[in-house]
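# Summary of the model geometry
Residue-level listing of the chains:
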Amino acid sequence: MVRFSSFLFAIVFIFSIFLFVGCGGRINEDLSSVEPTKRYSAENLISTLQSNKEYNSEEVIAVSGIVYEVNSINKRITILLAGDTLKERFVICDMNTSQISIIKTIRKGDSILIKGLLKGILKDVIMLNCVIEKDQ
Amino acid sequence: MIRVLAIFFLIAGSTNLVEVDEKVIARQGKVSFFSYTSVEDIKAENNQVLSVIDLDQKKIAVSMLMNAFIFEKALMREHFNESYLESDIYPKAVFEGEIIDFDRTITGEQTRIIKGVFAMHGKSKELEIKSKIEKKDNKYIVSGVFETLVKDYDINIPPLLAGNIAKSISVEFRFEYEPYED
């Protein structure tokens, strides 16, 4: 009976760990303490991804740029970073919910550095789970 | 003669002899899908879906990154991207179609059928989607819901997990468009 209970406990324990790991992942992880693999300017990132079809998505990268817009479309806080010369192309940063208080201080035209999970490019570059690294 | 020429150029300049189609863009469109079974419910959403409408041609194009869908559990996202949709091989899903009988002069709401081809996971399927189109000030909002079958897109689900995923998936979308100069 004791052996059966231990076995049951072990199963529940393993299942709990599995669930914990399964519910986490980089998409929900706080990236504040994660070191970015690469650093770009917004302009450079857009140009690089436009010309290079073989980029590594799912990387944590840091991007510097000028804030073009802060919005809450779809009830998600998003910052659009603009390049210096590229028109109508942006880096769309879907912000981690931990950033709400910091984002209130961000204004259009501010120069900032954002870290996030690179997803890829459509017309604009898309990054998820972003955090503001620091004001520049 | 000079006066005639001046009048010609004045008229030409004001009427735009070379007409450019007017377009609107949504960079942060939302597409969600839902799978309901007795075993589990799976929901995911993508909030960075790109769409452009050519208002004069009544054409609409939609493009989304498959790896940008957000799931409740990382394991679901992993299965979705690696096993079912193979997002590294087929990174985008694309829809191209026409808004039937779309009238851009109507302010307020109009319900229209959007007819086109949806391509995902290397397969294309013709769709007709009933959509609500709202015009407010200079913005258009297009939204709707439709059902689509998993088998139409050649998605292989292992027999062991077949009970976890519905055969018919409910897809919901909402796009807010603003003026766009290409």
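- Chain B goes by YceI family protein in an unreviewed UniProt entry, where it is assigned to Croceitalea rosinachiae.

- Per an unreviewed UniProt entry, chain A goes by the name tRNA_anti-like and belongs to Croceitalea rosinachiae.

### Some details on empty space enclosed by the protein
- As enumerated under the stated definition, the model contains one cavity of 30 Å³ or more in all.
- Quantified by volume, the largest cavity comes out at close to 30 Å³.
- Every residue lining the largest cavity is listed: Ile92, Leu122, Lys123, Asp124 and Ile126 of chain A together with Arg27, Gln48 and Leu50 of chain B.
- In the lining of the largest cavity, the residues fall into four nonpolar, one polar and three charged.

### Points about the interface of chain B and chain A
- With 24 residues of chain B in contact, the opposing surface of chain A contributes 28 residues.
- Looking at the side of chain B facing chain A, the largest losses of area belong to Arg27, Gln28 and Gln48 of chain B, adding up to 31% of the total buried there.
- Joining chain B to chain A, the criterion identifies three salt bridges.
- Linking Glu45 of chain B and Arg76 of chain A is a salt bridge whose minimum nitrogen-to-oxygen distance equals 3.7 Å.
- Contributions of two or more residues to the side of chain B that touches chain A are made by β1 (23-36), β2 (41-54), β3 (59-65) and α2 (74-84) of chain B.
- Considering each element in turn, the side of chain B that touches chain A owes the most residues, five residues, to β1 of chain B.
- Of the residues contributing to the side of chain B that touches chain A, the split by class is nine nonpolar, six polar and nine charged.

The rules behind the values
Residues numbered from 1 in each chain as written. Chains lettered and ligands numbered in written order. Predicted model: local features only at pLDDT ≥ 70, side-chain atom pairs only at ≥ 80, totals over all residues. Heavy atoms only, no water. 1 Å grid on protein atoms, 1.4 Å probe; cavity = no way out; pocket = protein on both sides within 12 Å on 5 of 7 lines; lining within 4 Å. Points joined across faces, edges and corners; volume = space filled by probe spheres on them. Nonpolar A, V, L, I, M, F, W, Y, C, P; charged D, E, K, R; others polar. Contact = heavy atoms within 4.5 Å. Buried area = accessible area lost by both parts, 1.4 Å probe. Salt bridge = Lys/Arg side-chain N within 4 Å of Asp/Glu carboxyl O. Helix = DSSP H or I, 4+ residues; strand = E, 2+ residues; numbered from the N terminus.

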